[in-house]
Amino acid sequence: MIRRTLITLAAAAFAWPALAQDAFPSKPLKIVSPFPPGGTSDVMARLIAEPLGKELGQQVIVENIGGAGGTVGTLRAVKLPADGYTIIQTGVGQSAVAHGLNPNLGYDSNKDFIHLAQVHSGPNVLVVNASTPWKTFKELVDYVRANPGKLNYGFTHAASGHMAMELFKLEGSKCPPKAVDCKGLFMVGIPYRGGGPMMQDLLGGQIPLMFINQDTAFPHVKAGKLRALAVTSLERNPLFPDVPTIAESGIPGFQALSWSGLSVAKGTPQPIVDKLEAALRKVMTSPEIKSKLETLGFVVPAPGGAAYAKFVASEIDLWTRVIKSAGIKPE
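Residues numbered from 1 in each chain as written. Predicted model: local features only at pLDDT ≥ 70, side-chain atom pairs only at ≥ 80, totals over all residues. Heavy atoms only, no water.

(A) Local environment of unusual backbone geometry. Residue P25 is reached from F24 by a cis peptide bond, and omega for that bond is -5°. Structurally, P25 can be placed in the loop between helix 1 (2-23) and strand 1 (29-33). Positive phi, close to 55°, is recorded for A68, a residue that is not glycine. Locating A68 in the fold gives a position in the loop between strand 2 (60-64) and helix 3 (71-78). Taking relative accessible area as the criterion, A68 reaches 57% and is therefore assigned exposed. Of note in this structure, A158 is not a glycine but carries a positive phi near 65°. Relative to the helices and strands, A158 is located in the loop between strand 5 (152-156) and helix 6 (160-172). Of the residues examined, A158 reaches a relative accessible area of 16% and is grouped as buried. (Helix = DSSP H or I, 4+ residues; strand = E, 2+ residues; numbered from the N terminus. Buried < 20%, exposed > 50% of the residue type's maximum accessible area, 1.4 Å probe, protein only.)

(B) Here's a closer look at the nonpolar core. In terms of nonpolar packing, the biggest core is built from 41 residues, with F168, L209 and W319 touching the most fellow members. Among the nonpolar cores identified, the runner-up in size contains 29 residues, and M44, L56, M284 and F298 belong to it. (Core = buried A, V, L, I, M, F, W, Y, C linked by side-chain atoms within 4.5 Å.)

In C-alpha coordinates form, the structure reads like this:
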(Lines give C-alpha, C1' and ligand atoms only; values in the text may rest on other atoms or scores of the structure.)
Protein backbone atom coordinates (compact mmCIF):
# COMPACT_ATOMS: atom_id res chain seq x y z
CA MET A 1 0.00 0.00 0.00
CA ILE A 2 2.80 2.37 0.95
CA ARG A 3 4.68 1.48 -2.22
CA ARG A 4 1.60 2.11 -4.35
CA THR A 5 1.11 5.47 -2.68
CA LEU A 6 4.74 6.44 -3.32
CA ILE A 7 4.45 5.45 -6.97
CA THR A 8 1.29 7.53 -7.29
CA LEU A 9 2.95 10.55 -5.68
CA ALA A 10 6.01 10.21 -7.90
CA ALA A 11 3.86 10.01 -11.02
CA ALA A 12 1.96 13.09 -9.91
CA ALA A 13 5.22 14.96 -9.30
CA PHE A 14 6.43 14.19 -12.80
CA ALA A 15 3.08 15.08 -14.31
CA TRP A 16 2.73 18.42 -12.48
CA PRO A 17 5.08 20.48 -14.70
CA ALA A 18 3.34 19.21 -17.82
CA LEU A 19 -0.07 20.00 -16.36
CA ALA A 20 1.12 23.48 -15.39
CA GLN A 21 2.38 24.09 -18.89
CA ASP A 22 -0.88 22.86 -20.40
CA ALA A 23 -2.78 25.27 -18.16
CA PHE A 24 -0.57 28.22 -19.16
CA PRO A 25 -1.46 30.99 -18.78
CA SER A 26 -3.45 30.70 -15.57
CA LYS A 27 -2.85 34.31 -14.46
CA PRO A 28 -2.12 37.71 -16.04
CA LEU A 29 1.16 38.21 -17.91
CA LYS A 30 3.33 41.29 -18.18
CA ILE A 31 5.47 42.85 -20.88
CA VAL A 32 8.46 44.64 -19.39
CA SER A 33 9.18 47.68 -21.57
CA PRO A 34 12.59 49.00 -20.50
CA PHE A 35 11.78 52.61 -21.37
CA PRO A 36 9.53 55.30 -19.85
CA PRO A 37 5.91 55.62 -20.99
CA GLY A 38 5.12 57.61 -24.12
CA GLY A 39 7.98 56.69 -26.44
CA THR A 40 7.87 54.45 -29.49
CA SER A 41 8.88 51.34 -27.51
CA ASP A 42 6.08 51.88 -25.00
CA VAL A 43 3.58 52.48 -27.79
CA MET A 44 4.59 49.22 -29.49
CA ALA A 45 4.32 47.23 -26.25
CA ARG A 46 0.82 48.55 -25.59
CA LEU A 47 -0.21 48.01 -29.20
CA ILE A 48 0.51 44.28 -28.82
CA ALA A 49 -0.58 43.75 -25.20
CA GLU A 50 -4.35 43.82 -25.71
CA PRO A 51 -4.62 41.52 -28.75
CA LEU A 52 -2.04 39.15 -27.23
CA GLY A 53 -4.14 38.97 -24.07
CA LYS A 54 -7.19 38.07 -26.12
CA GLU A 55 -5.29 35.27 -27.85
CA LEU A 56 -4.03 33.87 -24.55
CA GLY A 57 -7.23 34.38 -22.57
CA GLN A 58 -5.47 36.42 -19.88
CA GLN A 59 -4.76 40.09 -19.36
CA VAL A 60 -1.33 41.29 -20.53
CA ILE A 61 -0.13 44.42 -18.74
CA VAL A 62 2.81 46.66 -19.64
CA GLU A 63 5.35 47.49 -16.94
CA ASN A 64 7.79 50.32 -17.71
CA ILE A 65 11.26 50.04 -16.15
CA GLY A 66 13.42 52.73 -17.75
CA GLY A 67 17.07 53.61 -17.34
CA ALA A 68 20.47 53.39 -19.04
CA GLY A 69 19.15 53.10 -22.57
CA GLY A 70 16.89 50.16 -21.78
CA THR A 71 19.53 48.00 -20.11
CA VAL A 72 18.26 48.43 -16.52
CA GLY A 73 14.80 47.05 -17.23
CA THR A 74 16.14 44.35 -19.53
CA LEU A 75 18.59 43.05 -16.92
CA ARG A 76 15.95 43.08 -14.20
CA ALA A 77 13.40 41.27 -16.40
CA VAL A 78 15.74 38.54 -17.61
CA LYS A 79 16.55 37.62 -13.99
CA LEU A 80 12.88 36.99 -13.13
CA PRO A 81 11.57 33.39 -13.17
CA ALA A 82 11.64 31.91 -16.68
CA ASP A 83 8.01 30.82 -16.54
CA GLY A 84 6.57 32.73 -19.50
CA TYR A 85 4.66 35.21 -17.38
CA THR A 86 7.31 37.87 -17.94
CA ILE A 87 7.72 38.85 -21.59
CA ILE A 88 10.68 41.11 -22.28
CA GLN A 89 10.61 43.85 -24.88
CA THR A 90 13.88 43.63 -26.77
CA GLY A 91 15.04 46.27 -29.24
CA VAL A 92 17.83 47.98 -31.11
CA GLY A 93 19.16 49.94 -28.13
CA GLN A 94 19.14 47.44 -25.30
CA SER A 95 19.63 44.32 -27.43
CA ALA A 96 22.16 45.41 -30.06
CA VAL A 97 23.76 48.84 -29.58
CA ALA A 98 24.30 48.24 -25.86
CA HIS A 99 26.51 45.23 -26.56
CA GLY A 100 28.82 47.35 -28.68
CA LEU A 101 29.08 49.95 -25.92
CA ASN A 102 29.51 47.61 -22.98
CA PRO A 103 30.58 43.95 -23.25
CA ASN A 104 29.67 43.43 -19.57
CA LEU A 105 25.97 44.25 -19.55
CA GLY A 106 25.05 41.31 -17.33
CA TYR A 107 23.10 39.68 -20.15
CA ASP A 108 23.77 38.34 -23.63
CA SER A 109 21.01 39.05 -26.15
CA ASN A 110 22.04 36.03 -28.22
CA LYS A 111 22.30 33.50 -25.39
CA ASP A 112 20.12 34.60 -22.47
CA PHE A 113 16.86 35.10 -24.37
CA ILE A 114 14.45 33.08 -26.44
CA HIS A 115 13.24 35.49 -29.11
CA LEU A 116 9.55 35.11 -29.93
CA ALA A 117 8.66 37.74 -32.53
CA GLN A 118 9.77 41.04 -33.97
CA VAL A 119 7.04 43.63 -33.49
CA HIS A 120 8.09 46.61 -35.55
CA SER A 121 10.78 47.90 -37.85
CA GLY A 122 11.14 51.37 -39.25
CA PRO A 123 13.76 53.71 -40.65
CA ASN A 124 15.27 56.87 -39.39
CA VAL A 125 14.85 59.88 -41.65
CA LEU A 126 17.60 62.32 -42.51
CA VAL A 127 15.89 65.67 -41.99
CA VAL A 128 17.07 69.25 -42.34
CA ASN A 129 15.48 72.49 -41.26
CA ALA A 130 13.29 73.80 -44.10
CA SER A 131 15.28 77.05 -44.23
CA THR A 132 18.50 75.27 -45.23
CA PRO A 133 19.50 75.27 -48.91
CA TRP A 134 19.76 71.50 -49.40
CA LYS A 135 16.88 70.04 -51.36
CA THR A 136 18.35 66.58 -52.01
CA PHE A 137 20.59 64.04 -50.33
CA LYS A 138 23.26 64.57 -52.99
CA GLU A 139 23.31 68.33 -52.41
CA LEU A 140 23.90 67.80 -48.71
CA VAL A 141 26.64 65.21 -49.24
CA ASP A 142 28.38 67.43 -51.80
CA TYR A 143 28.32 70.33 -49.34
CA VAL A 144 29.75 68.23 -46.49
CA ARG A 145 32.56 66.93 -48.71
CA ALA A 146 33.43 70.45 -49.85
CA ASN A 147 33.18 71.96 -46.35
CA PRO A 148 34.57 69.45 -43.85
CA GLY A 149 33.80 70.26 -40.23
CA LYS A 150 31.55 73.24 -41.02
CA LEU A 151 28.22 71.50 -40.54
CA ASN A 152 26.74 70.47 -37.18
CA TYR A 153 24.20 67.77 -36.46
CA GLY A 154 22.27 66.82 -33.34
CA PHE A 155 22.29 63.41 -31.69
CA THR A 156 21.17 61.62 -28.54
CA HIS A 157 23.91 59.28 -27.33
CA ALA A 158 23.52 55.69 -28.60
CA ALA A 159 19.98 56.26 -29.91
CA SER A 160 19.06 54.78 -33.28
CA GLY A 161 19.45 58.19 -34.93
CA HIS A 162 22.97 58.51 -33.53
CA MET A 163 23.85 55.08 -34.87
CA ALA A 164 22.38 55.94 -38.27
CA MET A 165 24.54 59.07 -38.43
CA GLU A 166 27.70 57.17 -37.48
CA LEU A 167 26.99 54.51 -40.11
CA PHE A 168 26.29 57.26 -42.66
CA LYS A 169 29.63 58.96 -41.94
CA LEU A 170 31.46 55.63 -41.95
CA GLU A 171 30.01 54.26 -45.19
CA GLY A 172 29.79 57.63 -46.91
CA SER A 173 33.49 58.27 -46.33
CA LYS A 174 34.54 55.21 -48.31
CA CYS A 175 36.01 56.26 -51.62
CA PRO A 176 34.38 54.82 -54.72
CA PRO A 177 36.59 52.85 -57.12
CA LYS A 178 38.99 55.04 -59.14
CA ALA A 179 37.89 58.16 -57.25
CA VAL A 180 40.22 61.15 -57.42
CA ASP A 181 40.56 63.54 -54.45
CA CYS A 182 37.92 61.67 -52.45
CA LYS A 183 36.92 63.42 -49.23
CA GLY A 184 35.10 61.90 -46.30
CA LEU A 185 32.01 63.08 -44.46
CA PHE A 186 33.29 65.14 -41.54
CA MET A 187 30.59 66.86 -39.48
CA VAL A 188 30.49 68.01 -35.86
CA GLY A 189 28.04 66.26 -33.55
CA ILE A 190 26.15 68.23 -30.88
CA PRO A 191 25.02 65.90 -28.06
CA TYR A 192 21.57 66.20 -26.48
CA ARG A 193 20.13 64.50 -23.41
CA GLY A 194 16.85 63.75 -25.15
CA GLY A 195 15.01 63.84 -28.43
CA GLY A 196 12.60 66.61 -27.38
CA PRO A 197 15.19 69.38 -26.87
CA MET A 198 17.04 68.24 -29.98
CA MET A 199 13.89 68.50 -32.08
CA GLN A 200 13.19 71.97 -30.71
CA ASP A 201 16.66 73.14 -31.70
CA LEU A 202 16.28 71.65 -35.17
CA LEU A 203 12.94 73.39 -35.64
CA GLY A 204 14.42 76.60 -34.30
CA GLY A 205 17.44 76.47 -36.61
CA GLN A 206 20.07 76.05 -33.89
CA ILE A 207 21.16 72.82 -35.61
CA PRO A 208 20.62 72.17 -39.31
CA LEU A 209 20.10 68.40 -39.47
CA MET A 210 19.77 65.05 -37.73
CA PHE A 211 18.44 61.53 -38.13
CA ILE A 212 15.14 60.84 -36.35
CA ASN A 213 12.50 58.09 -36.30
CA GLN A 214 10.06 58.35 -39.17
CA ASP A 215 6.96 58.63 -36.96
CA THR A 216 8.51 61.57 -35.09
CA ALA A 217 9.66 63.30 -38.26
CA PHE A 218 6.40 62.94 -40.19
CA PRO A 219 4.22 65.71 -38.65
CA HIS A 220 7.02 68.28 -38.93
CA VAL A 221 7.78 67.33 -42.53
CA LYS A 222 4.07 67.45 -43.35
CA ALA A 223 3.83 70.92 -41.76
CA GLY A 224 6.69 72.15 -43.94
CA LYS A 225 9.01 72.87 -41.01
CA LEU A 226 11.47 70.11 -41.88
CA ARG A 227 12.62 68.64 -45.19
CA ALA A 228 13.20 64.88 -45.51
CA LEU A 229 16.21 64.06 -47.69
CA ALA A 230 16.50 60.27 -47.31
CA VAL A 231 15.33 57.28 -45.28
CA THR A 232 17.58 54.59 -43.82
CA SER A 233 15.61 51.50 -44.82
CA LEU A 234 16.37 49.47 -47.92
CA GLU A 235 12.88 50.21 -49.27
CA ARG A 236 11.06 53.52 -49.39
CA ASN A 237 8.78 54.20 -46.45
CA PRO A 238 4.99 54.49 -46.91
CA LEU A 239 4.90 57.73 -44.90
CA PHE A 240 7.52 59.22 -47.25
CA PRO A 241 6.89 57.60 -50.64
CA ASP A 242 8.70 60.37 -52.54
CA VAL A 243 11.78 60.37 -50.30
CA PRO A 244 14.61 58.16 -51.61
CA THR A 245 16.53 55.67 -49.55
CA ILE A 246 20.20 56.26 -48.79
CA ALA A 247 20.85 52.92 -50.47
CA GLU A 248 19.48 54.21 -53.78
CA SER A 249 21.16 57.60 -53.34
CA GLY A 250 24.78 56.54 -53.50
CA ILE A 251 25.55 54.19 -50.56
CA PRO A 252 24.40 50.74 -51.73
CA GLY A 253 23.10 48.39 -49.03
CA PHE A 254 22.79 51.13 -46.41
CA GLN A 255 20.32 50.22 -43.68
CA ALA A 256 19.85 51.53 -40.14
CA LEU A 257 16.58 50.58 -38.48
CA SER A 258 14.68 51.29 -35.32
CA TRP A 259 13.03 48.07 -34.11
CA SER A 260 11.61 46.15 -31.21
CA GLY A 261 10.36 42.67 -30.47
CA LEU A 262 9.27 40.34 -27.70
CA SER A 263 11.35 37.67 -25.99
CA VAL A 264 11.43 35.52 -22.87
CA ALA A 265 14.28 34.44 -20.65
CA LYS A 266 16.33 31.38 -21.51
CA GLY A 267 15.02 28.35 -19.62
CA THR A 268 11.35 29.03 -20.32
CA PRO A 269 9.73 25.61 -20.98
CA GLN A 270 9.38 24.84 -24.66
CA PRO A 271 5.60 24.21 -24.59
CA ILE A 272 5.14 27.71 -23.12
CA VAL A 273 7.49 29.20 -25.71
CA ASP A 274 5.52 27.48 -28.46
CA LYS A 275 2.22 28.79 -27.09
CA LEU A 276 3.49 32.37 -26.84
CA GLU A 277 5.09 32.28 -30.27
CA ALA A 278 1.92 30.90 -31.87
CA ALA A 279 -0.21 33.58 -30.21
CA LEU A 280 2.17 36.34 -31.32
CA ARG A 281 2.21 34.96 -34.87
CA LYS A 282 -1.59 35.33 -34.97
CA VAL A 283 -1.42 38.84 -33.56
CA MET A 284 1.35 40.02 -35.87
CA THR A 285 -0.30 38.64 -39.02
CA SER A 286 -3.72 40.10 -38.21
CA PRO A 287 -5.06 42.80 -40.56
CA GLU A 288 -5.70 45.12 -37.59
CA ILE A 289 -2.08 45.15 -36.39
CA LYS A 290 -0.75 45.36 -39.94
CA SER A 291 -2.93 48.40 -40.60
CA LYS A 292 -1.92 50.15 -37.36
CA LEU A 293 1.78 49.61 -37.96
CA GLU A 294 1.66 50.76 -41.57
CA THR A 295 -0.32 53.87 -40.58
CA LEU A 296 2.64 54.80 -38.38
CA GLY A 297 5.08 54.10 -41.19
CA PHE A 298 6.42 50.87 -39.71
CA VAL A 299 7.09 47.70 -41.66
CA VAL A 300 5.44 44.47 -40.51
CA PRO A 301 8.40 42.14 -39.88
CA ALA A 302 8.68 38.49 -40.86
CA PRO A 303 6.81 36.44 -38.24
CA GLY A 304 8.33 33.89 -35.91
CA GLY A 305 11.10 33.53 -33.39
CA ALA A 306 13.72 32.05 -35.73
CA ALA A 307 13.62 35.05 -38.06
CA TYR A 308 13.77 37.45 -35.13
CA ALA A 309 16.72 35.67 -33.47
CA LYS A 310 18.68 35.80 -36.73
CA PHE A 311 17.89 39.50 -37.11
CA VAL A 312 18.99 40.32 -33.54
CA ALA A 313 22.33 38.55 -34.09
CA SER A 314 22.95 40.50 -37.31
CA GLU A 315 22.15 43.81 -35.58
CA ILE A 316 24.57 43.08 -32.75
CA ASP A 317 27.31 42.43 -35.31
CA LEU A 318 26.50 45.60 -37.27
CA TRP A 319 26.39 48.06 -34.39
CA THR A 320 29.36 46.56 -32.57
CA ARG A 321 31.39 47.15 -35.75
CA VAL A 322 30.12 50.71 -36.17
CA ILE A 323 30.69 51.63 -32.51
CA LYS A 324 34.21 50.24 -32.59
CA SER A 325 35.05 52.04 -35.87
CA ALA A 326 33.59 55.36 -34.63
CA GLY A 327 35.24 55.08 -31.23
CA ILE A 328 31.97 55.64 -29.37
CA LYS A 329 32.20 55.18 -25.62
CA PRO A 330 29.50 54.68 -22.96
CA GLU A 331 28.29 57.83 -21.25
